[in-house]
Amino acid sequence: MSTPKDQPQLFSSAAQLVTTGRRRILRLAKHWPWTDVITEALQRLATLPSPG
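Residues numbered from 1 in each chain as written. Predicted model: local features only at pLDDT ≥ 70, side-chain atom pairs only at ≥ 80, totals over all residues. Heavy atoms only, no water.

**Examining the overall build of the chain**
From N to C terminus, the chain includes one helix and two strands. Expressed as a percentage of the 52 residues in the chain, the buried residues total 12%. On the chain, roughly 5400 Å² of surface is accessible, and the fraction owed to carbon and sulfur atoms is 56%. (Helix = DSSP H or I, 4+ residues; strand = E, 2+ residues; numbered from the N terminus. Buried < 20%, exposed > 50% of the residue type's maximum accessible area, 1.4 Å probe, protein only. Areas by Shrake-Rupley, 256 points an atom, 1.4 Å probe, with all protein chains shown as cover.)

Shown next as structure tokens:
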């Protein structure tokens with residue numbers, strides 16, 4: 001039996017996923033308190049080298 005600590009955590013955010021051409025853009029709401037944290041995390045992930 002799994003406990004809540006073993007289960008993956010999901011979060012919700014105030015955002016829209018917009019598709020323009022072949023690109024998908026995640027538009028985060030500026031008023032949401034976690035917007036800065038998610039934006040910084042996505043920028044840090046983008047700087048990682050490609051695994052392949």
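From this point, the narrative continues.
**Digging into the pairing of strand β1 (residues 15-20)**
Two elements, β1 and strand β2 (residues 23-28), share six bridges in a ladder whose sense is antiparallel. Its bridge partner being in β2, Val-18 is matched across the sheet by Ile-25. Between β1 and the antiparallel strand that follows it, β2, lie two residues; Gly-21 among them carries a positive phi value of about 65 degrees. (Pairing = 2+ DSSP bridges.)

**Digging into the side chain of Thr-35**
Note on placement: Thr-35 falls in helix α1 (residues 35-46). A distance of 2.5 Å separates a polar side-chain atom of Thr-35 from the backbone oxygen of Ala-29. Excluding residues that lie within four positions of it along the chain, Thr-35 makes contacts with Leu-28 and Ala-29. (Polar contact = N/O pair within 3.5 Å; in protein donor to acceptor, adjacent residues only side chain to side chain. Contact = heavy atoms within 4.5 Å.)

**Describing the environment of Gln-16**
Turning to its location among the elements, Gln-16 is positioned in strand β1. Residue classification places Gln-16 among the exposed positions, given a relative accessible area of 52%. Residues Gln-16 and Ala-29, 13 residues apart in the sequence, show an inter-C-alpha distance of 8.3 Å. Excluding residues within four positions of it along the chain, Gln-16 makes contact with Ile-25, Leu-26 and Arg-27.

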